[in-house]
Amino acid sequence: MLKNLRYRLAILMQGRYGSDQLSRFLSILVIVLIAFDWIANAFLAFPGVRVFVRYSGIVYAVLLFVIYFRTFSRNIPKRYAENQKYLAIKGRIASFFGKGRHNAGQRIEYHIYNCPQCRQKIRIPRGKGRIMVRCPKCGTEFMKQS
């Protein structure tokens, strides 16, 4: 019985896009919104929350429709392009927050200065005293305390 169901599902999904990272993100978003809806309905009684709870069913229905539409779609290039756009946005956000963490780790061992001429960031090791720094981009030399 289970093998027959798997076979039928495999036949149904042939030539269709299936699930991807954007679909998974939307699924998690629906779950988070449902949890928020449940908490808001049970514990919070603010007017703005009531409006959200009133229209939340429509939001869930639209999101679920989008998820299933993308999963069963036969327009694979268009769904692939949508997923690539999502991944690009996600990558920009992740790199923005990742840079701060990387820079914080760098500041333990290095001073980071800007060149007074071209504003290029220059990394100087800590504990070397007053040193002459030469900008690798424009060649300007200036004195800094490391």
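Thresholds applied
Throughout this description, residue numbers start from 1 for each chain and increase along the sequence as written. Given that this is a predicted model, residues contribute local features only at a pLDDT of at least 70 and side-chain atom pairs are listed and counted only at 80 or more, while totals for whole chains, interfaces and linings are drawn from all residues. Note that the side-chain values use all heavy atoms of the structure and ignore hydrogens as well as water. Numbered from the N terminus, helices here are DSSP runs of H or I no shorter than four residues, and strands are runs of E no shorter than two. Each residue is placed in one exposure class: buried if its accessible area under a 1.4 Å probe, protein chains only, is under 20% of its type's maximum, exposed if it is over 50%, and partly exposed if it falls in between. Note on contacts: a residue pair qualifies if any of its non-hydrogen atoms lie within 4.5 Å across the two residues. Each accessible area is a Shrake-Rupley result for a 1.4 Å probe, and residues are judged covered by the shown protein chains and nothing else. To qualify as a nonpolar core, a set must consist of buried Ala, Val, Leu, Ile, Met, Phe, Trp, Tyr and Cys residues joined through side-chain atoms within 4.5 Å. Any cysteine sulfur atom paired with another within 2.5 Å is treated as part of a disulfide. The salt bridge definition used is simple: a Lys or Arg side-chain nitrogen within 4 Å of an Asp or Glu carboxyl oxygen. Only strands joined by at least two bridges in the DSSP assignment are considered to pair. A helix's residues, less one, multiplied by 1.5 Å, set its expected span. Excluding any residue in a salt bridge, patches collect residues exceeding 30% relative accessible area, merging like charges within 9 Å and nonpolar Val, Leu, Ile, Met, Phe, Trp and Tyr side chains within 5 Å.

S.K.: How would you explain the overall build of the protein if you had to name every residue and give the values?
M.R.: Check the secondary structure of the protein and you find four helices and four strands. Taken from N to C terminus, the helices and strands of the protein fall in the order α-α-α-α-β-β-β-β. The 146 residues of the protein split such that 21% are buried. For the protein, the share of sequence-separated contacts (at least 6 apart) that also reach a separation of at least 24 residues comes to 41%. When the accessible surface of the protein is split by element, carbon and sulfur atoms take 63% of a total near 11,200 Å².

S.K.: Just give me the short version of the nonpolar core, but keep the residues and values in it.
M.R.: Leu-22, Leu-26, Val-30, Leu-33, Tyr-60, Leu-63, Ile-67 and Tyr-86 together form the largest nonpolar core, which totals eight residues. Secondary structure elements with two or more residues in this core: α2 (21–43) and α3 (47–72). Of the residues forming this core, the biggest block, four residues, is contributed by α2. In this structure, Tyr-60 is in contact with Leu-33, Ile-34 and Asp-37, ignoring residues within four places of it in sequence.

S.K.: Residues and numbers for the state of the cysteines, please.
M.R.: With the rule as written, the count across this model stands at zero disulfides. There is no disulfide at Cys-115, and the cysteine sulfur nearest it, in Cys-138, is 3.6 Å away. No disulfide involves Cys-118; its sulfur sits 3.6 Å from that of Cys-135, the nearest cysteine. Judged by relative accessible area, which is 24%, Cys-118 ranks as partly exposed.

S.K.: Mind laying out the pattern of salt bridges, listing which residues take part and the relevant values?
M.R.: Scanning all chains against the criterion turns up four salt bridges. In this structure, the salt-bridge partner of Glu-82 is Arg-70, at a minimum N-O distance of 2.9 Å. In this pair, Glu-82 is assigned in helix α4 (residues 76–109) and Arg-70 in helix α3, connecting sequence segments 12 residues apart. Here the residues in one salt-bridge network are Asp-20, Arg-70, Arg-79 and Glu-82, joined through shared partners.

S.K.: Residues and numbers for the pairing of strand β3 (residues 130–134), please.
M.R.: The pairing of β3 with strand β4 (residues 141–145) spans five bridges and is antiparallel. Considered in β4, the bridge of Val-133 is made with Phe-142. Once β3 ends, the chain turns through six residues before running back antiparallel as β4, passing Gly-139 with a positive phi of about 85 degrees.

S.K.: How would you sum up α2? Please name residues and give values.
M.R.: When the terminal C-alpha atoms of α2 are compared, their 33 Å separation across 23 residues agrees well with the 33 Å that a helix rising 1.5 Å per residue should span. Taken residue by residue, α2 has Leu-22, Ser-23, Leu-26, Val-30, Leu-33, Asp-37 and Ala-40 as its buried positions.

S.K.: Explain a nonpolar patch on the surface to me, using residue names and the numbers behind them.
M.R.: Taken together, Leu-9, Leu-12, Leu-64, Tyr-68 and Phe-72 make up a surface patch of nonpolar side chains, about 460 Å² in accessible area. Every element with two or more residues in the nonpolar patch is listed here: α1 (2–13) and α3. Element by element, the count of residues in the nonpolar patch is highest for α3, at three residues. Mapped onto the elements of the fold, Leu-64 is located in helix α3.

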